[in-house]
Amino acid sequence: MKQIMIALAVCVLTVAAVSVSQAGNLADYYDDYLTAASEKCAGKCCFLNSRCCALREYAMKNQAKAEFLKNHKAELIEKMIAADVGQKPYKIDYFLTAEFGAHQRGQR
């Protein structure tokens, strides 16, 4: 009976250690993804001086999104881990777009 309890305790601790390790790896993955997404949005700011009104609006929106991603990186990582978003880019992009939209609606 004692051996079964020890084996069970070892299994529980192993599962807990693996889940913490995976969460750390996932946080690093999300951090890298957010950095890349922020840089991608910042790269679109070159249209700020365009003569086209639509391109200027596009650039302003991407500038705001880049700032949002930089300023709320830790919060977004925590929310993505809690929501179990996963590592598929379309799911991450959908989540980030929804969060940015909610942030914009909250500012107005």
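Preceding this section is the structure that the text describes.
Only a predicted model underlies this, so the values are computations on that prediction, with no experimental measurement involved.

Asker: Any details on the overall build of the chain? Residues and values, ideally.
Answerer: Looking only at helices and strands, the chain has four helices and zero strands in total. Mapped from its N terminus to its C terminus, the chain presents α and β elements in the order α-α-α-α. When each of the 108 residues of the chain is scored for burial, the buried share is 24%. Long-range contacts, defined here as pairs at least 24 residues apart, represent 57% of the contacts in the chain between residues at least 6 apart. Surface accessibility of the chain: about 7,800 Å² in total, with carbon and sulfur atoms responsible for 60%.

Asker: Describe the pattern of salt bridges, naming the residues involved and giving the relevant values.
Answerer: Tallied over the entire structure, the rule returns three salt bridges. In this structure, the salt-bridge partner of Lys 79 is Glu 75, at a minimum N-O distance of 3.3 Å. One end of the pair, Lys 79, and the other, Glu 75, are both in helix H3 (residues 73–82), four residues apart, so they sit about a helical turn from each other. A single salt-bridge network, built from bridges that share partners, covers Glu 75, Lys 79 and Glu 99.

Asker: Any details on the packing of helix H2 (residues 53–71) against helix H4 (residues 89–107)? Residues and values, ideally.
Answerer: One can describe the packing of H2 onto H4 by two numbers: an axis separation of 11 Å at closest approach and a directional angle of 100 degrees. Relative to H4, the element H2 is oriented roughly perpendicular. Facing Lys 61, Ala 64, Lys 65, Phe 68 and Leu 69 of H2, the residues of H4 in contact are Leu 96, Thr 97, Glu 99, Phe 100 and His 103. Residue composition of the contact of H2 with H4, grouped by class: five nonpolar, two polar and three charged.

Asker: Now, about the nonpolar core: what can you tell me, with residues and values included?
Answerer: Most often, soluble globular proteins have nonpolar side chains that are buried together. Ranked by internal contacts, the top residues of the largest apolar core, which has 16 residues, are Tyr 30, Leu 34, Leu 69, Leu 76, Met 80, Ile 92 and Leu 96. Contributing elements (two or more residues each) for this core: helix H1 (2–43), H2, H3 and H4. In terms of residues, this core owes the most to one element, H1, which gives six residues. Setting aside residues up to four positions removed in sequence, Leu 34 forms contacts with Leu 69, Lys 73, Leu 76, Ile 77, Met 80 and Leu 96.

Asker: Pulling in residues and values, what's your account of the packing of aromatic side chains?
Answerer: Per the stated rule, a full pass over the model turns up four aromatic pairs. Look at Phe 47 and Tyr 58: their rings are 6.4 Å apart centre to centre, the planes differ by 50 degrees, and that puts the pair in the tilted class. Placement of Phe 47 in the loop between H1 and H2 and of Tyr 58 in helix H2 is noted, with a sequence separation of 11 residues between them. Here a set of aromatic residues connected by ring pairs shows up, and it is made of Tyr 29, Tyr 30 and Tyr 33.

Thresholds, definitions, all that
Residues numbered from 1 in each chain as written. Predicted model: local features only at pLDDT ≥ 70, side-chain atom pairs only at ≥ 80, totals over all residues. Heavy atoms only, no water. Helix = DSSP H or I, 4+ residues; strand = E, 2+ residues; numbered from the N terminus. Buried < 20%, exposed > 50% of the residue type's maximum accessible area, 1.4 Å probe, protein only. Contact = heavy atoms within 4.5 Å. Areas by Shrake-Rupley, 256 points an atom, 1.4 Å probe, with all protein chains shown as cover. Salt bridge = Lys/Arg side-chain N within 4 Å of Asp/Glu carboxyl O. Axes fitted to C-alpha atoms, helices over the stretch in contact; angles between N-to-C directions. Parallel < 35°, antiparallel > 145°, perpendicular 65-115°, else oblique. Nonpolar A, V, L, I, M, F, W, Y, C, P; charged D, E, K, R; others polar. Core = buried A, V, L, I, M, F, W, Y, C linked by side-chain atoms within 4.5 Å. Phe/Tyr/Trp six-rings, centres within 6.5 Å; stacked < 30°, edge-to-face > 60°.

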